[in-house]
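Okay, here's what each chain looks like letter by letter:
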Amino acid sequence: MKITSIAVYQVDLPLREGNYAWSEGKSVSVFDSTVVRIETDAGVSGHGEVCPLGPVYLPAYAAGVRTGVAEIAPALIGDDPTELAKLNRKMDYLLKGHPYVKSALDVACWDILGQAAGLPICTLLGGRYGEDFTLYRAISQRPAAEMAENVAMYRGEGYRRFQLKVGGDPNEDILRICEAAEMLEPGDKLIADANTGWLKHEALRVVNAVRDVDVYIEQPCPSYDDCLAVRERTTLPFILDEVIDSVDMIVRCAADRAADVVNLKISKLGGLTKTRQARDLCVSLGLGMTIEDSWGGDIVTAAIAHLAHSTPTEHLFSSTDFNSYVTKSIAEGAPQRNNGRLAASNEPGLGVKPKLDVLGKPVAIYGK
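This text gives an overview of the structure that appears in the document. Residue numbers run consecutively from 1 along every chain, following the written order of its sequence. Reporting in this predicted model follows two pLDDT cut-offs: at least 70 for local features of residues, and 80 or more for side-chain atom pairs to be given and counted; totals over whole chains, interfaces and linings ignore these cut-offs and use all residues. Computation of side-chain values covers all heavy atoms of the structure but excludes hydrogens and water.

## Notes on the pattern of salt bridges
Salt bridges are defined as contacts in which a side-chain nitrogen from Lys or Arg sits within 4 Å of a carboxyl oxygen from Asp or Glu. Within the structure shown, the criterion is met by 24 salt bridges. Ionic pairing is found between Asp-173 and Arg-176, a salt bridge with its closest N-O pair at 2.7 Å. Remark: Arg-176 and Asp-173 occur in helix α6 (residues 170–181); sequence separation between them is 3 residues, near one turn of the helix. Each of Arg-155, Arg-160, Glu-185 and Asp-188 takes part in a single network of salt bridges with overlapping partners. Helix and strand assignments come from DSSP, with helices taken as H or I runs of at least 4 residues and strands as E runs of at least 2, each series counted from the N terminus.

Listed below in structure tokens is the structure:
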């Protein structure tokens, strides 16, 4: 099988809540997502999607996806999309770094492999654990009382994991955590996600103030070393996210006992191929995981679902359903939340069919 063409689409994904806000006053109201369609000489086509959380979250931005694909895509024409390790090595040779650029291309090739094999990607990634898996809901940064109300609202929709966006003024963040915690019921989990927004001394104030609250602390500071310093001075369970960008960092994290859970974002690591490697390493090291991505629509959600559903249940701390956050559906067959839980498709590949009328005309085509 050979790749004959790669088409690139740009689509805006408006938010249901109108705005998503996190640390340091950062916010987004419409997400700029990129979808790639890879066609082959066997008549099988695959799709992938990547959607950075704006340009101010990770070292990634929406226009950079499309510019990066322009560097890589022409050289992939004629290659076998089912040879995923070989394909990833070639992409890394063609473009140093920029893993998010390669993510959609890698996912699209997994979609092709699944269809060619007649199996869902979940099966190819190791097998399906259980009927479904649990989701978290991100609670956009607002005044404390409003965030607590949103926890209660989403709990009514079936969610049992709540990721509070903190990382602002420590006094307000302490209130946010305490008021949200009052909304919880037995079995719920609360995560205070600072998204690198605190200085070390601010993080220490917060963790000391909420030491008697049942809450996880996620990525309090920008640097690994500062996060580790906070971790060493609290008994609260700890999650690392933004600094977990390679298998090397996972090994370091485990050696330092720097976290109990790590957040694996598919595009941050470069696609399903590399995130599966990271996932399997975490299982071997006994780390819990949140399996997700930076953002996205139906295609990203489908990729997340396959990786999460093929993760051993005891190691899967949580996952997410980004397609329920946005107002626009871009694919049929995407997994849909049911009482705070999600399941990967049983259809071959990703199990989705993009809505080409929604995606519109490609912004670029390589090959053919």
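## Details of the nonpolar core
As a rule of thumb, soluble globular proteins bury nonpolar side chains together. Only buried residues count toward a nonpolar core, which is a set of Ala, Val, Leu, Ile, Met, Phe, Trp, Tyr and Cys residues joined through side-chain atoms within 4.5 Å. Burial classes follow relative accessibility: with a 1.4 Å probe on protein chains only, a residue under 20% of its type's maximum area counts as buried, one over 50% as exposed, and anything between as partly exposed. Residues Ile-177, Leu-240, Leu-264 and Trp-295 are the most contacted members of the largest nonpolar core, which totals 117 residues. Element by element, the count of residues in this core is highest for helix α3 (residues 99–117), at 9 residues. Residues are treated as being in contact if the distance between any of their heavy atoms lies within 4.5 Å. If near-sequence neighbours (up to four positions away) are discounted, Leu-264 is found in contact with Ile-244, Ile-250, Leu-269, Thr-275, Ala-278, Arg-279, Cys-282, Met-289, Thr-290, Ile-291 and Glu-292. Of all hydrophobic cores here, the second largest spans 5 residues; its members include Ile-191, Ile-239, Val-261 and Phe-317.

## Thoughts on the environment of Ile-291
Looking at where Ile-291 falls in the secondary structure, it is placed in strand β13 (residues 288–292). Placed 26 residues apart in sequence, Ile-291 and Lys-265 show a C-alpha to C-alpha distance of 6.4 Å. When residues no more than four places from it in sequence are discounted, the contact partners of Ile-291 are Leu-264, Arg-279, Ile-304, Leu-307, Ala-308, Thr-311, Leu-316, Ser-318, Ser-319 and Thr-320.

## Here we look at the sheet that holds strand β11 (residues 238–240)
Pairing between strands requires that DSSP locate at least two bridges from one strand to the other. On the basis of which strands lie adjacent, the open sheet formed by 8 strands has the order β7-β8-β9-β10-β11-β12-β13-β14 and parallel pairing. Looking along the sheet, the strands with just one partner apiece sit at the ends: β7 (136–139) and β14 (316–319). Averaged over all adjacent pairs, the angle separating strand axes in this sheet is 25°, with direction ignored. Note that strand β9 (residues 189–193) and strand β10 (residues 216–218) share 3 bridges and pair parallel. Bridging from a neighbouring strand, Ile-191 pairs with Tyr-216 of β10. With axes taken as lines fitted to C-alpha atoms, and helix axes fitted only over the stretch in contact, angles between N-to-C directions fall between 0 and 180 degrees.

## Looking at the side chain of Thr-301
Note that Thr-301 resides in helix α12 (residues 298–309). A residue is classified by how much of its surface remains accessible, and Thr-301, at 0% relative accessible area, is buried. For this analysis, a polar contact is any N or O atom pair within 3.5 Å, provided that within protein one partner can donate a hydrogen and the other can accept it, and provided that sequence-adjacent residues contribute only side-chain to side-chain pairs. A polar side-chain atom of Thr-301 sits 2.8 Å from the main-chain carbonyl oxygen of Gly-297. Contact partners of Thr-301, with chain neighbours within four places excluded, come to Asp-321, Phe-322, Asn-323, Pro-335 and Leu-342.

## Things to note about the sheet that holds strand β4 (residues 30–40)
Sheet strands pair via backbone hydrogen bonds, and the direction of the pair is either parallel or antiparallel. In spatial order, the strands read β5-β4-β1-β18; together these 4 strands make up an open sheet with antiparallel pairing. One side of each edge strand has no neighbouring strand; the edge strands of this open sheet are β5 (45–50) and β18 (364–367). Across the sheet, the axes of successive neighbouring strands diverge by a mean angle of 20°, strand direction being ignored. The pairing of strand β1 (residues 3–14) with β18 spans 4 bridges and is classified as antiparallel. If you follow Ile-6 over to β18, its bridge partner there is Tyr-366. In the packing of α12 onto the sheet, contacts are made with β4 and β5, and the angle to β5 comes to roughly 100°.

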